[in-house]
Amino acid sequence: MTARAADRTRYNRATAHLDAPIAIVDLEAFDANAEDLVRRAAGKPIRVASKSVRCRTLLERVLARPGFAGIMSFTLAESLWLARAGFDDVLLAYPSADRSAFAELAADPKLAAAVTVMVDDHAQLELIEASRAGGREEIRVCLELDTSLRMLGGRVRVGALRSPLRSPAQLAELARSVARRPGFRLVGLMAYEGHVAGVGDAVAGRPLRSRAIRLMQAAARKELAARRAEVVRAVRAVVPDLEFVNGGGTGSVQHTAAEDAVTEIAAGSGLYVPRLFDNYTSFTGRPAALFAQPVVRRPGVGVVTVLGGGYPASGAAGADRSPVPYLPEGLRYDPQEGAGEVQTPLLGSPADDLLIGDKVWFRHAKAGELCERFDALQLIEGDRVTATVPTYRGEGRTFL
């Protein structure tokens, strides 16, 4: 029996009393992935990206482990909710225009002490100030650096369209602006290299593309390490007591941790290890989060149909954004239908061994987005469900 087949046996036994659709997290795999992230971070603390987890119970579990400290959130409303729930170090990874949430933040000393907001533009500071509604609490601020790789004199750009701040002078100028403003305190700097951390460098069946990605990422790491160090020096010249410099992501943990200028690493997807992390040479994780759909039809030889399953991931549309049939091994989509909203035909010889009501297990393309589809996660240890815990959705929290 292969390791995957053994996992299927365990998952089916553990959830035999539950009807699909269901979502699970294998805690042994989750904990092993957490341990591997800490190993790769080489002593630097890991800030957990909540958008990749979207379950308070699992955020608490990983933050209880040595090597993890703080949360990187994705909306201001989520940040305030987490802070009220007792998480005392929440870094908002994206700028916000949520005026009512800023008013809450400025009026509550507990929230203001726990939450740090992201800024990369003077206009964002103006919006926050105008949203105070009389609140006088000091707002903790983090600046974001653009990490994209520019080549051929800037004509070629590789990396996400995020911050407009690129040079040490630009970051220092905004740092001075924050420092001059009453009611604001600059505490951190963030630089997320998504083109390194979030792009696999070993694409199956694409050796030339994979080599090109590895060459690009090597160049990007070298350029960014030098520029990030210069930016940190420039910002610290303005704010010597800067609390943190955040960088990285699951796919670049060990590389970013090696930079002296970086004080902490961000990671989250590496806890669940969705299918997009199968294409990396820098690490190998264990799939920890899966979902099951029930077989509801047997249209013919070598075909079964499961209920639903069309849960695409965000990003540029493509086959790599679909979930992948994982267990039993050997199933594939019908190219004419793919993963459907209400039904999904699956082809392959394993279909002939599946009965009506059996579970087919899938892996989502990305990490936390799976939790937007399910109210609860079944936590599995060995061949037992040991807890059922709510996702953000299960707690009535859909922030985006």
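Residues numbered from 1 in each chain as written. Predicted model: local features only at pLDDT ≥ 70, side-chain atom pairs only at ≥ 80, totals over all residues. Heavy atoms only, no water.

1. A short note on the nonpolar core
Right, on to step 1. If you look at the biggest cluster of nonpolar residues, it comprises 89 residues, and the most contacted ones within it are Leu58, Leu143, Tyr272 and Leu377.
Right, on to step 2. For this core, the domains that each give at least three residues are domain 1 (1–20 + 287–393) and domain 2 (26–271). (Core = buried A, V, L, I, M, F, W, Y, C linked by side-chain atoms within 4.5 Å. Buried < 20%, exposed > 50% of the residue type's maximum accessible area, 1.4 Å probe, protein only. Domains from an automatic or database assignment.)

2. Looking at the domain arrangement of the chain
Right, on to step 1. Splitting the chain by domain gives domain 1 (1–20 + 287–393) and domain 2 (26–271).
Right, on to step 2. Put simply, the middle of domain 1 and the middle of domain 2, counted by C-alpha atoms, are 32 Å apart.
Right, on to step 3. On the side of domain 2, 22 residues touch domain 1, which itself brings 18 residues to the contact.
Right, on to step 4. Counting the surface lost from both domain 1 and domain 2, the interface buries some 1400 Å², and carbon and sulfur atoms represent 59% of this.
Right, on to step 5. On the domain 1 side of the interface with domain 2, the three residues burying the most area are Ala288, Leu379 and Tyr392, jointly 42% of the side's total.
Right, on to step 6. Where domain 1 packs against domain 2, one counts 2 salt bridges.
Right, on to step 7. Taken together, domain 1 and domain 2 are joined by 9 residue pairs in polar contact (both at pLDDT 80 or more).
Right, on to step 8. Of all the secondary structure elements, the ones that give two or more residues to the side of domain 1 that touches domain 2 are helix H1 (3–14), strand S18 (376–381) and strand S19 (384–390).
Right, on to step 9. Element by element, the count of residues in the side of domain 1 that touches domain 2 is highest for S18, at 4 residues.
Right, on to step 10. Among the residues making up the side of domain 1 that touches domain 2, the classes are represented as 11 nonpolar, 3 polar and 4 charged. (Contact = heavy atoms within 4.5 Å. Buried area = accessible area lost by both parts, 1.4 Å probe. Salt bridge = Lys/Arg side-chain N within 4 Å of Asp/Glu carboxyl O. Polar contact = N/O pair within 3.5 Å; in protein donor to acceptor, adjacent residues only side chain to side chain. Helix = DSSP H or I, 4+ residues; strand = E, 2+ residues; numbered from the N terminus. Nonpolar A, V, L, I, M, F, W, Y, C, P; charged D, E, K, R; others polar.)

3. As for the sheet that holds strand S6 (residues 139–144)
Right, on to step 1. Taken together, 8 strands build a closed barrel; the order of strands is S2-S3-S4-S5-S6-S9-S10-S11 and the barrel is parallel. Ignoring which end each strand starts from, the neighbouring axes of this sheet average 30° apart.
Right, on to step 2. As paired strands, strand S10 (residues 244–247) and strand S11 (residues 264–267) are joined by 2 bridges and run parallel to one another. Each residue of the ladder has a partner; that of Gly247, found in S11, is Ile265.
Right, on to step 3. The strands that helix H3 (residues 56–63) touches are strand S2 (46–49) and strand S3 (68–73); relative to S3, the one it contacts most, it runs at about 145°.
Right, on to step 4. Sitting on the sheet, helix H10 (residues 207–238) touches strand S9 (184–191) and S10, and the angle it makes with S9 is about 175°. (Pairing = 2+ DSSP bridges. Axes fitted to C-alpha atoms, helices over the stretch in contact; angles between N-to-C directions.)

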